[in-house]
Amino acid sequence: MPLCAVGCSCPCCSLGAVPLPPPHPGVSPLISLGSPTTTPRLSPNDHDAFLGPDQARAFDQLQPEESRRRLGLIVGRIDADGDGSVTEAELETWIERTRRRSREESVKRGREQYDRNRDGNVGWEEYRDETYGAPGSDVGSVSDPSLYSRLAARDERRFRAADRDGNMAADEEELGAFLHPEDYEHMQHLVAIETIEDMDKDGDGFIQLEEYIGEGGHR
Ligand SMILES: [Ca+2]
Ligand SMILES: [Ca+2]
Ligand SMILES: [Ca+2]
């Protein structure tokens, strides 16, 4: 997988200190730790995967020199066998570890925010009341109440799908599936449904080319 998109202005693209690899027999390294020779390629969408969302945001605030220095340190950690090159397998391991760490931190924040009675689980009503307000509560500041209730209904559907034991309380694993359904096999059908709902602007149940282009075709 390439690392940087040509022309990307993100500080991550100061990976100019990390040249792309020369042709290599057998396992091809993705990154060689040597003198800069090539403009690296990293899709902006890969920044979160590579750094994790929190660190990616932090890197956005850095001066190019500092981000280059820190990225060099990170690349050294990705190079697990220390041979000076990063292989696809090493990068996959790194990205999976970054995703897992980000998910764990997100779930921890979710529990702190939503588990109001501190029983260790996030009940549906705890989440709903924290996010949308209790039924009948004043939502006067909401400009579109019908949208509000649609979003709540959609969240409830996802919560029920994540709540595998059906007790309407999300333990750590269930909260992970609720907050990050894309990472859970049993949530994939719902991810597909939600994606279609988001893109199917005319509600005919199909995604027309124009609807697709409108959502993601500008990539
Ligand atoms: Ca609770
Ligand atoms: Ca449960
Ligand atoms: Ca449509």
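None of the values given here were measured: they were computed from a predicted structure.

Rules behind the numbers
- Residues numbered from 1 in each chain as written.
- Chains lettered and ligands numbered in written order.
- Predicted model: local features only at pLDDT ≥ 70, side-chain atom pairs only at ≥ 80, totals over all residues.
- UniProt positions renumbered as here; feature names shortened; annotations may be inferred.
- Helix = DSSP H or I, 4+ residues; strand = E, 2+ residues; numbered from the N terminus.
- Core = buried A, V, L, I, M, F, W, Y, C linked by C-beta atoms within 7 Å.
- Buried ≥ 20, exposed ≤ 12 C-beta atoms within 10 Å, placed from the backbone.
- Contact = placed C-beta atoms within 7 Å.
- Axes fitted to C-alpha atoms, helices over the stretch in contact; angles between N-to-C directions.
- Parallel < 35°, antiparallel > 145°, perpendicular 65-115°, else oblique.
- Left-handed = near helix turned anticlockwise from the far one by under 90°.
- pLDDT = per-residue confidence, 0-100.

### Points about the UniProt feature "domain: EF-hand" (unreviewed entry) in the chain
Per the UniProt record, "domain: EF-hand" (unreviewed entry) is annotated on residues 77–93, 112–128 and 195–212. Helix and strand shares over residues 77–93 are 47% and 18% respectively, and the end C-alpha atoms of the span are 11 Å apart. Taken end to end, residues 112–128 is 47% helix and 12% strand, and its first and last C-alpha atoms sit 15 Å apart.

### Regarding the nonpolar core
Residues Val107, Tyr114, Val122, Tyr127, Phe159, Ala162, Ala169, Ala170, Leu175, Ala177 and Phe178 constitute the largest nonpolar core, which totals 11 residues. Elements with a contribution of two residues or more to this core: helix H4 (88–114), helix H6 (145–162), strand S4 (169–170) and helix H7 (172–179). Here the element with the most residues in this core is H7; it accounts for three residues. When neighbours within four sequence positions are excluded, Ala162 is seen to be in contact with Ala170, Glu174, Ala177, Phe178 and Met187.

### Details of the packing of helix H5 (residues 124–132) against H6
It is at 11 Å that the axes of H5 and H6 come closest, and there the two elements cross at 155°. Overall, the two elements H5 and H6 adopt an arrangement that is roughly antiparallel. The hand of the H5/H6 crossing is right-handed. On H6, the residues touching Trp124, Tyr127, Arg128 and Tyr132 of H5 are Tyr148, Ala152, Glu156 and Phe159.

### Observations regarding the confidence of the model for the chain
When pLDDT is averaged along the chain, the result is 79, and 74% of the positions lie at 70 or above. Scored below 50 in pLDDT, residues 1–26 makes 76 contacts in the model with residues more than four places away or belonging to other chains. Within the model, pLDDT remains below 50 along residues 34–41, and this stretch shows 22 contacts once partners closer than five positions in the same chain are excluded.

### Structural notes on the environment of Pro135
For Pro135, the position within the fold is in the loop between H5 and H6. The spatial distance from the C-alpha of Pro135 to the C-alpha of Glu125 is 9.7 Å, given a sequence separation of 10 residues.

### Digging into unusual backbone geometry
In this model, Arg118 sits at a positive phi of 55°, which is unusual for a non-glycine residue. Along the chain, Arg118 falls in the loop between H4 and strand S3 (122–123). Phi is positive for Met168, close to 55°, though the residue is something other than glycine. Mapped onto the secondary structure, Met168 falls in the loop between H6 and S4.

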